[in-house]
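Listed here are the chains, written in short residue letters.
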Amino acid sequence: MAKITYLAHDGSKFEVDAENGSTVMENAIKNAVPGIEAECGGACACATCHVYVDDAWAEKTGAPEAMEEDMLDFAYDVQPTSRLSCQIKVTDELDGLVVRVPERQA
Amino acid sequence: MTENSSPVETDVVIVGAGPVGLFAVFELGLLDLKCHLIDILDRAGGQCAELYPEKPIYDIPAWPEISGQGLTDRLMEQIAPFDPVFHFNRMVAAVEKQEDGSFIVTTDEDEKIHAKVVVIAAGGGSFQPKRPPVPGIEAYEDQSVFYSVRRMEEFRGHDILIVGGGDSALDWTLSLQPIANSVTLLHRRDAFRAAPDSVNKMKALVENGEMSLQLGQVTGLNGDDGQVTSANIKTNEGELTQIACTRVLPFFGLTMKLGPIADWGLNLEENLIPVDTEKFATSEPGIYAIGDINTYPGKLKLILSGFHEAALMAHAAKKHIAPDERIVFQYTTSSTSLQKKLGV
């Protein structure tokens, strides 16, 4: 179990209790966080669940794998801590995770 | 096929060669209906082939785990006895109803197919190049911003900015470089998803000063009247700069759009086609819709639901085509006539 905070682009804040093993994208969709589209449903086949991981958490969530990097090429305004939220799995270590939703999805 | 040739004759045109379109060939085939399939991709499988060929699917009955490509291959094997005809890399441009209730289906390459029934199994719509998330890019599309190269000559002598890091971006960089005034390849990072050979060739051109490679992202375009003059770039160091260009070719992958189906005069609900759950008929007699593209109370976007819809649709289509013929319901396990059709 981990508490995840999503900061939407308009500044609104969503705090969600996420189960271990679920993805950061799934929890965003379940809780209707605005700005996460997840067009492909979590197959790492689009770039519409793009988030910025808060700097303090970037090391814990880790770096994207090659396939995810490829998909990030299609995202809007990619930054050093950009991730596709469907590729971040929730664990106890991520309790308190903060992610920001970008201005737009690809 | 030439433009004026007479249309190809068939019983059914299926729009979309994804899993549901493929299985429809089987169900229609058991009822002696021949099918032509039209798909914008260059191969069968639809989303299974394009989005998740390697990803396992766990909810296909009797297949505890099967990949998108594996499912497609199995379906192709299953429908082989019915000799479906595939038209790949094609989109349906028009569907015209004839006086006798049949249809002339015209592809975007002007091929014409005459069919008694049309089945829309188009899933989430057709895969089309994705518009990159650059504000205001619409104003330049088809004038100085293009998502594909139809005629290379239109790029001769231009200052071309190519955006992306996959095979399309690299291939067009190499093909257009000899005829362009200048070519700049812009990519987010110094790693490419393209064939290593193309990447090496591109890097050699950069080393010889014959083109340039920039790392960064497009944030905006400048120009007038649809004619781009430069692109605003944010480099990976966060620096803002501009690249002068008269043609921009962004390659940002594919997305699904309903496309011309929206213009066929069918009733639509939020880009889905409402159908009944007995025949899966649309608002236009003779046109059916199955799979992810349709909607009805309780609809679930599952491949297995699409298979069920294909079976019921096939019987309804048969009745539509041959209202006086008695359809005898049969099982493939026991019917010798069905087994003959399957060649077993």
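All values reported here derive from a predicted model rather than from experimental measurement.

About the criteria used
Residues numbered from 1 in each chain as written. Chains lettered and ligands numbered in written order. Predicted model: local features only at pLDDT ≥ 70, side-chain atom pairs only at ≥ 80, totals over all residues. Heavy atoms only, no water. Domains from an automatic or database assignment. Helix = DSSP H or I, 4+ residues; strand = E, 2+ residues; numbered from the N terminus. Expected span 1.5 Å × (residues − 1). Buried < 20%, exposed > 50% of the residue type's maximum accessible area, 1.4 Å probe, protein only. Contact = heavy atoms within 4.5 Å. Pairing = 2+ DSSP bridges. Axes fitted to C-alpha atoms, helices over the stretch in contact; angles between N-to-C directions. Buried area = accessible area lost by both parts, 1.4 Å probe. Salt bridge = Lys/Arg side-chain N within 4 Å of Asp/Glu carboxyl O. Core = buried A, V, L, I, M, F, W, Y, C linked by side-chain atoms within 4.5 Å. Parallel < 35°, antiparallel > 145°, perpendicular 65-115°, else oblique. Left-handed = near helix turned anticlockwise from the far one by under 90°.

1. Here's the deal with the domain arrangement of chain B
According to the domain assignment, chain B contains domain 1 (8-127 + 255-342) and domain 2 (133-252). Here the C-alpha centroids of domain 1 of chain B and domain 2 of chain B sit 39 Å apart.

2. Some words on helix α3 (residues 68-79) of chain B
Residues and elements named next belong to chain B. For α3, spanning 12 residues, the distance from its first C-alpha to its last is 17 Å, which sits close to the expected 16 Å at 1.5 Å a residue. Considered for burial, the residues of α3 that qualify are G68, G70, L71, T72, L75 and I79. Check the buried side of α3 and you find it contacts α1 (19-30), α2 (47-50), β3 (56-57), β4 (66-67), β5 (85-87) and α6 (303-321).

3. Observations regarding helix α5 (residues 196-207) of chain B
Helical geometry: 3.6 residues make up each α-helical turn, so side chains three or four residues apart lie on a common side. All names here are of chain B. The terminal C-alpha atoms of α5, which comprises 12 residues, lie 16 Å apart, in line with the 16 Å expected from a rise of 1.5 Å per residue. Tucked into the core, α5 has its buried residues touching α4 (167-176), β11 (182-187) and β12 (212-224). Following α5 by one or two positions, G209 has its phi on the positive side, about 75°.

4. Remarks on the sheet that holds strand β13 (residues 227-235) of chain B
Residue and element names in this part refer to chain B. Strand order across the open sheet formed by 6 strands is β14-β13-β12-β11-β10-β15, with mixed pairing between neighbours. For this open sheet the edge positions go to β14 (240-244) and β15 (247-250), each flanked by a neighbour on one side alone. Ignoring strand direction, the axes of neighbouring strands in this sheet form an average angle of 35°. Both β12 and β13 contribute to a ladder of 8 bridges, which runs antiparallel. Residue V218 lies in a different strand from β13, and its bridge partner there is I233. Those strands touched by α4 are β10 (159-163), β11 and β15, and its axis lies near 165° from that of β10.

5. Examining the interface of chain B and chain A
On the side of chain A, 19 residues touch chain B, which itself brings 15 residues to the contact. Between chain B and chain A the total buried area reaches about 1,600 Å² when both faces are included, carbon and sulfur atoms providing 50% of it. Taken together, chain B and chain A are joined by 6 salt bridges. The shortest N-O distance in the salt bridge between B:R188 and A:D73 comes to 2.9 Å.

6. Overview of the nonpolar core
Grouped together as the largest cluster of nonpolar side chains are 69 residues, with contacts concentrated most on B:I14, B:L28, B:I120, B:I290 and B:M313. Of the residues forming this core, the biggest block, 8 residues, is contributed by α1(B). With residues up to four places along the chain from it excluded, the contact list for B:L28 reads B:V12, B:I14, B:L33, B:C35, B:M313, B:A314 and B:A317. Judged by nonpolar contacts, the second largest core, of 48 residues, contains A:M25, B:V134, B:I243 and B:C245.

7. Comments concerning the packing of α1(B) against α3(B)
Residues and elements named next belong to chain B. At a closest axis distance of 9 Å, the pairing of α1 and α3 adopts a crossing angle of 20°. As far as their axial angle goes, α3 and α1 are roughly parallel. Note on packing geometry: the crossing formed by α1 with α3 is left-handed. Every residue of α3 that contacts α1 at P19, L22, F23, V25 and F26 is listed here: L71, T72, L75, M76, Q78 and I79.

8. Looking at the pairing of strand β6 (residues 92-97) of chain B
Residue and element names in this part refer to chain B. Two elements, β6 and strand β7 (residues 103-107), share 5 bridges in a ladder whose sense is antiparallel. In the sheet register, V95 faces β7, and the bridge partner there is V105. What sits between β6 and β7 in their antiparallel hairpin is a turn of 5 residues, with G101 showing a positive phi close to 90°.

9. Structural notes on the pairing of strand β5 (residues 97-100) of chain A
Residues and elements named next belong to chain A. Of the strand pairs in this sheet, strand β1 (residues 2-7) and β5 are connected by 4 bridges, and their pairing is parallel. Counted as the bridge partner of I4 is L97 from β5. Pairing geometry for strand β3 (residues 50-53) and β5, over 2 bridges, is antiparallel. What sits directly across from Y52, in β5, is R100.

10. Observations regarding the sheet that holds strand β4 (residues 82-84) of chain A
Residue and element names in this part refer to chain A. Judged by pairing direction, the sheet is mixed, and its 5 strands sit side by side in the order β2-β1-β5-β3-β4 without closing on themselves. The sheet terminates laterally at β2 (13-18) and β4, the two strands that pair on one side only. When the angles between neighbouring strand axes are averaged without regard to direction, this sheet yields 35°. Sheet analysis places β1 next to β2, joined by 6 bridges and oriented antiparallel. For T5, the partnering residue across the bridge sits in β2 and is E15.

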